Amino acid sequence: MDADAIRHLKAVEKELLWLSSWMIHNANHLREKGELKVGGHQASCASMVSIMTALYFHALRPEDRVAVKPHASPLFHAMQYLMGNQTREKIEAFRGYGGAQSYPSRTKDIDDVDFSTGSVGLGVAITAFASLVQDYITARDFGRDVPLGRMIALVGDAELDEGNVYECLQEGWKHELRNTWWIIDYNRQSLDGIVREGLWQRIEAVFRAFGWNVVVLKHGALQRAAFEEPGGDRLRDWIDNCPNQLYSALAFQGGAAWRKRLMDEIGDQGEVTRLLERRSDAELAELMNNLGGHCVPSLAEAFDAVTDDTPTVFLAYTIKGWGTPLAGHKDNHAGLMTAGQMDELKAAVGVADGAEWGPFATCGDDPALRRFLAAVPFFEKGTRRYRAKRIETPGPVLLDDRVLSTQAGFGKILGALARTDTEIADHIVTTAPDVTVSTNLGPWVNRRGLFARRALSDTFRDERVPSAQKWIFSPKGQHIELGIAEMNLFLLLGAAGLSHALFGQRLLPIGAVYDPFIARGLDALNYACYQGARFLIVGTPSGVSLAPEGGAHQSIGTPLIGLSQDGLASFEPAFLDELSVIMDWTFDYMQREGDDDPDERTWLRDETGGSVYLRLTTRPLEQPRRRTDEDFVRGVIDGAYWLREPGPNADVVLAYQGAVAPEVIDAAGRLGEGRRDIGVLAVTSADRLNAGWTAAQRARRRGHRSACGHVETLLGTLPRHCTIVTVTDGHPAMLAWLGAVAGHRTVPLGVEHFGQTGTIADLYRHYGIDTASIVESVAALTPGRRIPSLLAG
């Protein structure tokens, strides 16, 4: 690297240190009001300045993608501001309403965020899965022209405590991960203190075990030059053996403390002493703080030296709070510079009063620097948020089975699509954490194969061992098999669900997992939705309807996850025709990228699109006569329809969701013997009913007096004395809110406690969701003739 390039990079480094520090200091007005805490950014940002300068302004290319360490967000926003991709208004309002976000966000920030970060460890791991998705896309005919980029994570060393990082490493090894860089900010400080000695050796061993290259950046150019001086070998040995706590403390104390300690421990009145005496206290502090992660030329050289696609981890030694008065102090995670310290920093970097927010306030108008920045490859083409064309959906795949479960129906619909030569089938990619067969993805996989970068034959088939599964791996396969780690499942779905924006090619990702284990990957699911990723997750089997498996595999609270998770539309169909309609709608919904304007029929923001969760079951149900009329289709998608419309004098309505449909339908028939006008409400999505209802309420508060959600239309004509009895194989709170819509008394039935083994009849009876319990609930709480024959049985 030539001297001019180094000079320009150092100018950028100084500007980023200043501007990010000023942003954090400016945000303190909110902290002073007691509204938020800003301190974590100050020290963590400073430790990353050199790394991000060398990476973004030297090493990166437009096709590369970066997950930025959460606390480095002020640096990221400052950098984007310098390059014209962020506004002054946003950075002035950092951490305030409408301002640049505390942690980089694809959906909330206006600058060029590749991956949202914030929940530590997840932003690290998603880069590996983005690389896997990149390999998948470039192996397709439609992705041949996609340039291969590096998927890069800027990693806080404390993030390596997160278990999902190691789950990801193992999965990456199995899939021959490549084109992935993780750059570890090894400042040896976490939120609460200093990390243990020798951690770097364990980190290095783990990465090497999984086939990664390891590049250790411990000493900067100043230190390496000093080591060449007489006595330098002893200085190097002292630095390499200095405990983390002591090094941090001395970095905080400064040059005089460094000199005293070094003279006491290795001063010899000879070569080492003369090496130290040749430097002032300030120069000695600069030397001792010149670790590899704070030396732009060393970082740039290390990045340039990696010329193959082997996954590489850079262990960059840094000092947390480098360049600020907080450097090295063990409490600096929550530390903030005082006004006086900011004035000192401003003077040190040469910023004039009143010029604090100006781009390049630290270096003035330098035409050579401007030319250098205009030619930085990563920024040359502007922002890199792509759009992909929409893929036409084929219409519902209708099934003729008279008795079948929704899980089996899901498998048959995908199997039918797999047999077609259609664009939508070519863009579907499926995945599962070692439950491919047991979630009915087998028919799809048999037709479309499994993905691997290199072809692998099916040994059982080659040896002529009979098997229903055709497990053939090839670059053209359309199923990505994962190990049993649900965090990996949702991280892969998140990466694949961003393919249209990251790579300009659309995938329609479908994941399947046992429903209770959605909770096991919940952090990654929330993370994927927060990014705006688009995917279909199928939770199956579900509920106590999976009777023989017992409580460990019987889900209770997952419907409430579906109800509450933003960015995820949740459905639980009972019948195949409902499932067919929902899946067809899902393939279209996943591709929508419209604005936030609601549909004034339902008040749902459907044009924005999102991901979808299907809660399915292995319980076979007798199917009703196939329904395809427009009202049925609309009701299924909107969240509910009248299976049996109530009469004008109805005193009871039974509302159900999912596999309990037969019990509710049977109960309605029995109750009808003694009651007139009883209604049955088939709920396919309590989530969408609730969302439409709350959205309509907001609209009315804003002046749209006629706004009415779908559930308000359905329940608005019921007599006030009518009681709603809700039934679901899940927590009863899922439907209990229906009574609040129009002021009706509600009796919620469901499952509140851990399940157990038994038959479906045993468990439904035990938890009070069988036909007899439904009838008894109605008889006990509402007037009407009792049904003695049923109660006796």
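Summarised in this report is the structure supplied together with it.

Conventions adopted
- Residues numbered from 1 in each chain as written.
- Predicted model: local features only at pLDDT ≥ 70, side-chain atom pairs only at ≥ 80, totals over all residues.
- Heavy atoms only, no water.
- Helix = DSSP H or I, 4+ residues; strand = E, 2+ residues; numbered from the N terminus.
- Buried < 20%, exposed > 50% of the residue type's maximum accessible area, 1.4 Å probe, protein only.
- Contact = heavy atoms within 4.5 Å.
- Arc of directions from axis to C-beta.
- Pairing = 2+ DSSP bridges.
- Right-handed = clockwise from strand over helix to strand, strands pointing away.
- Axes fitted to C-alpha atoms, helices over the stretch in contact; angles between N-to-C directions.
- Core = buried A, V, L, I, M, F, W, Y, C linked by side-chain atoms within 4.5 Å.
- Patch = residues over 30% accessible without salt bridge, like charges linked within 9 Å, V, L, I, M, F, W, Y side chains within 5 Å.
- Areas by Shrake-Rupley, 256 points an atom, 1.4 Å probe, with all protein chains shown as cover.
- Salt bridge = Lys/Arg side-chain N within 4 Å of Asp/Glu carboxyl O.
- Lys, Arg positive; Asp, Glu negative; His and termini not counted.
- Charge placed at Lys NZ, Arg CZ, Asp CG, Glu CD.
- Parallel < 35°, antiparallel > 145°, perpendicular 65-115°, else oblique.

Some remarks on the side chain of serine 542
Next up, step 1: Position of serine 542 relative to the elements: it lies in the loop between β12 (536–539) and α26 (558–564).
Next up, step 2: On the basis of relative accessibility, which here comes to 3%, the residue serine 542 falls in the buried class.
Next up, step 3: Contact partners of serine 542, with chain neighbours within four places excluded, come to Asp515, Ser555, Arg615, Leu616, Thr617 and Asp729.

With respect to helix α8 (residues 199–209)
Residues spaced three or four apart along an α-helix face the same direction, because each turn holds 3.6 residues.
Next up, step 1: Burial in α8 covers these residues: Ile203, Glu204 and Phe207. The arc that holds every buried residue of α8, seen down its axis, measures 95°, which confines them to one face. Away from the buried face of α8 by more than 90 degrees, exposed residues Arg202 and Ala209 are located.
Next up, step 2: Against the buried residues of α8 lie α7 (163–174), β3 (180–186), β4 (213–217) and β5 (312–317).
Next up, step 3: Positioned one or two residues after α8, glycine 211 has a phi angle of 85°, which is positive.

Some remarks on the pairing of strand β2 (residues 151–156)
Next up, step 1: Most of β2 sits inside the fold, with six of its six residues counted as buried.
Next up, step 2: As judged from the three bridges shared by strand β1 (residues 65–67) and β2, these two strands associate in the parallel manner. Along β2, the bridge assignment pairs valine 66 with isoleucine 152.
Next up, step 3: In terms of strand pairing, β2 meets β3 through six bridges, oriented parallel. Residue pairing for β3: methionine 151 is matched across the bridge by threonine 180.
Next up, step 4: Read from β2 through α7 to β3, the crossover connection turns out right-handed.

Description of the sheet that holds strand β17 (residues 652–657)
Next up, step 1: Taken together, the five strands give an open sheet; going across it, the order is β16-β18-β17-β19-β20, and neighbouring strands pair in mixed fashion. The open sheet has two edge strands with one neighbour each: β16 (640–644) and β20 (745–749). Averaged over all neighbouring strand pairs, the angle between strand axes comes to 25°, with direction disregarded.
Next up, step 2: Against the sheet, helix α35 (residues 771–781) contacts β17, β19 (723–728) and β20, and its axis sits at roughly 150° relative to β20.

A closer look at unusual backbone geometry
Next up, step 1: With an omega of -5°, the peptide bond running from threonine 540 to proline 541 counts as cis.
Next up, step 2: Looking at the secondary structure, you find proline 541 in the loop between β12 and α26.
Next up, step 3: Backbone geometry at aspartate 434 places phi at a positive 65°, although glycine is not the residue there.
Next up, step 4: Structurally, aspartate 434 can be placed in the loop between β7 (428–433) and α21 (442–448).
Next up, step 5: Positive phi, normally seen in glycine, also occurs at tryptophan 603, with a value near 65°.
Next up, step 6: By the element assignment, tryptophan 603 lies in the loop between α27 (576–589) and β14 (611–615).

Observations regarding the nonpolar core
Next up, step 1: Membership of the largest hydrophobic core comes to 86 residues, with the highest contact counts inside it found for Trp182, Leu235, Trp238 and Met288.
Next up, step 2: With eleven residues, helix α6 (residues 122–138) is the single largest residue contributor to this core.
Next up, step 3: Apart from residues lying up to four places away in sequence, methionine 288 is in contact with Gln223, Leu235, Trp238, Ile239, Tyr247, Trp258, Leu262 and Ile319.

Quick word on a negative patch on the surface
Next up, step 1: Taken together, the side chains of Asp595, Asp597, Asp599 and Glu600 present a region of like negative charge at the surface.
Next up, step 2: The residue glutamate 600 is located in the loop between α27 and β14 in this model.

Regarding the packing of helix α12 (residues 255–266) against helix α14 (residues 281–288)
Geometry of a packed helix pair, given as the angle between the helix axes and the separation of the axes.
Next up, step 1: Interhelical geometry of α12 versus α14 gives an angle of 80° and a closest axis separation of 7 Å. The pairing of α12 with α14 is recorded here as roughly perpendicular in orientation. Packed against α12, whose contacting residues are Gly255, Ala256, Trp258, Arg259 and Leu262, the element α14 presents Asp281, Leu284, Ala285 and Met288 at the interface.

In short, geometric facts, not functional conclusions.
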